[in-house]
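In case you want the letters, here they are:
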Amino acid sequence: AHWCPPCRTFTPILAEAYKQAIADASFDVVFVSSDEDQSSFDEYYKEMPWKAIPYEDRTLAEKLEQKYQIQRIPSLIILKTDGTILTEDGVTELTQKGSNAIGKWVKGQSIFWSRAAQPGEHTWKDIQCDSCDMKPIVGVRYACATCEACNICQDCKQKGAHEHDLSQYYTYDD
């Protein structure tokens, strides 16, 4: 949406990655607006190199919002060619990985991955391993006092994937 500061920050990131990747990949982006009126939509959309649902088709925009359970904007939902969801967190993936994210999406791969928690394991909701991109981290989570906001999963700690000393996070269950 034109009025949304996070959207105004993210749109140029998406546009740049789109322009870099479009020459090498077969994919498309479709903008679904949350703008409040046609003129705001028109002003914002002129910055975008991709397709859009026409502003006047609010019914379709609302159906898509409900189908994909959009809770916040910006949102970037990545679909596979069969229409199933590849990732609901395209904003984070693209912001962190740039056009490399698009390269993985075109291959049907998400940047983030995870596994089912075993009995007694904690799931660290919305926290990713900065080494292997497990998200959410399942099991033991470690932090680095040297690197700001660095999170490492147990497997990566055991593999020595981080160069500094790590401290274990504890849960109320520990």
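Please read these numbers as outputs of a predicted model, since none were measured by experiment. (Residues numbered from 1 in each chain as written. Predicted model: local features only at pLDDT ≥ 70, side-chain atom pairs only at ≥ 80, totals over all residues. Heavy atoms only, no water.)

*Asks:* Which parts of the structure should I look at to understand the overall build of the chain?
*Replies:* Tallying secondary structure elements over the chain gives six helices and nine strands in all. Principal-axis analysis of the C-alpha atoms gives the chain an extent of 55 × 35 × 35 Å. Burial status across the chain gives 35% buried among its 174 residues. Contacts in the chain between residues at least 24 apart in sequence constitute 33% of all its contacts with a sequence separation of at least 6. With 18 positive and 27 negative side-chain charges, the chain shows a separation of 4 Å between the mean positions of the two kinds. (Helix = DSSP H or I, 4+ residues; strand = E, 2+ residues; numbered from the N terminus. Buried < 20%, exposed > 50% of the residue type's maximum accessible area, 1.4 Å probe, protein only. Contact = heavy atoms within 4.5 Å. Lys, Arg positive; Asp, Glu negative; His and termini not counted. Charge placed at Lys NZ, Arg CZ, Asp CG, Glu CD.)

*Asks:* Is there a simple way to explain the domain arrangement of the chain in this structure?
*Replies:* Interfaces are frequently sized by the accessible area removed from exposure as the parts join. Taken domain by domain, the chain consists of domain 1 (5-106) and domain 2 (123-169). Computed from C-alpha coordinates alone, the two centres of domain 1 and domain 2 are separated by 30 Å. (Domains from an automatic or database assignment.)

*Asks:* So what exactly am I meant to see when it comes to the pattern of salt bridges here?
*Replies:* Side chains carrying opposite charge are able to pair once their charged atoms draw close together. Per the stated rule, a full pass over the model turns up six salt bridges. The partner of Arg8 in a salt bridge is Glu47, and the shortest N-O contact between them spans 3.0 Å. Linking Arg8 in helix α1 (residues 5-22) with Glu47 in the loop between α2 (38-45) and β2 (51-52), this pair joins segments that are 39 residues apart in sequence. Residue classification places Arg8 among the partly exposed positions, given a relative accessible area of 32%. Given the relative accessible area of 36%, Glu47 is considered partly exposed. (Salt bridge = Lys/Arg side-chain N within 4 Å of Asp/Glu carboxyl O.)

*Asks:* I would appreciate a short explanation of the pairing of strand β7 (residues 141-144) in the present structure.
*Replies:* Within a regular strand, side chains alternate between the sheet's two faces. Side chains of β7 alternate between two faces, with Arg141 and Ala143 and Tyr142 and Cys144 buried alike. Alignment of β7 against strand β8 (residues 151-153), held across three bridges, turns out to be antiparallel. If you follow Arg141 over to β8, its bridge partner there is Cys153. In this antiparallel pair of consecutive strands, β7 and β8, the connection spans six residues, and Ala149 shows a positive phi of 55 degrees. Bridge analysis of β7 against strand β9 (residues 166-168) gives three bridges, and the strand direction is antiparallel. (Pairing = 2+ DSSP bridges.)

*Asks:* How should I be thinking about the sheet that holds β7 in this particular structure?
*Replies:* The pairing of strands in a sheet happens through backbone hydrogen bonds and is either parallel or antiparallel. The antiparallel open sheet is built from three strands, whose spatial order is β8-β7-β9. Only two strands of the sheet have a single neighbouring strand rather than two, namely β8 and β9. Going from strand to strand, the sheet's axes swing by 40 degrees on average, the running direction of each strand aside. (Axes fitted to C-alpha atoms, helices over the stretch in contact; angles between N-to-C directions.)

*Asks:* Is there a simple way to explain a negative patch on the surface in this structure?
*Replies:* Together, Glu36, Asp37, Asp42 and Glu56 give the surface a local cluster of negative charge. Residue Glu36 is classed as exposed on the basis of its relative accessible area of 62%. (Patch = residues over 30% accessible without salt bridge, like charges linked within 9 Å, V, L, I, M, F, W, Y side chains within 5 Å. Areas by Shrake-Rupley, 256 points an atom, 1.4 Å probe, with all protein chains shown as cover.)

*Asks:* Sorry if this is basic, but what is going on with α1 here?
*Replies:* Residues spaced three or four apart along an α-helix face the same direction, because each turn holds 3.6 residues. With 18 residues, α1 should cover 26 Å at 1.5 Å per step; its first-to-last C-alpha distance of 26 Å lies within 8% of that length. Along α1, the residues classified as buried are Cys7, Phe10, Thr11, Leu14, Ala15, Ala17, Tyr18 and Ala21. For α1, the elements touching its buried residues are α2, α4 (90-97) and α5 (99-106). (Expected span 1.5 Å × (residues − 1).)

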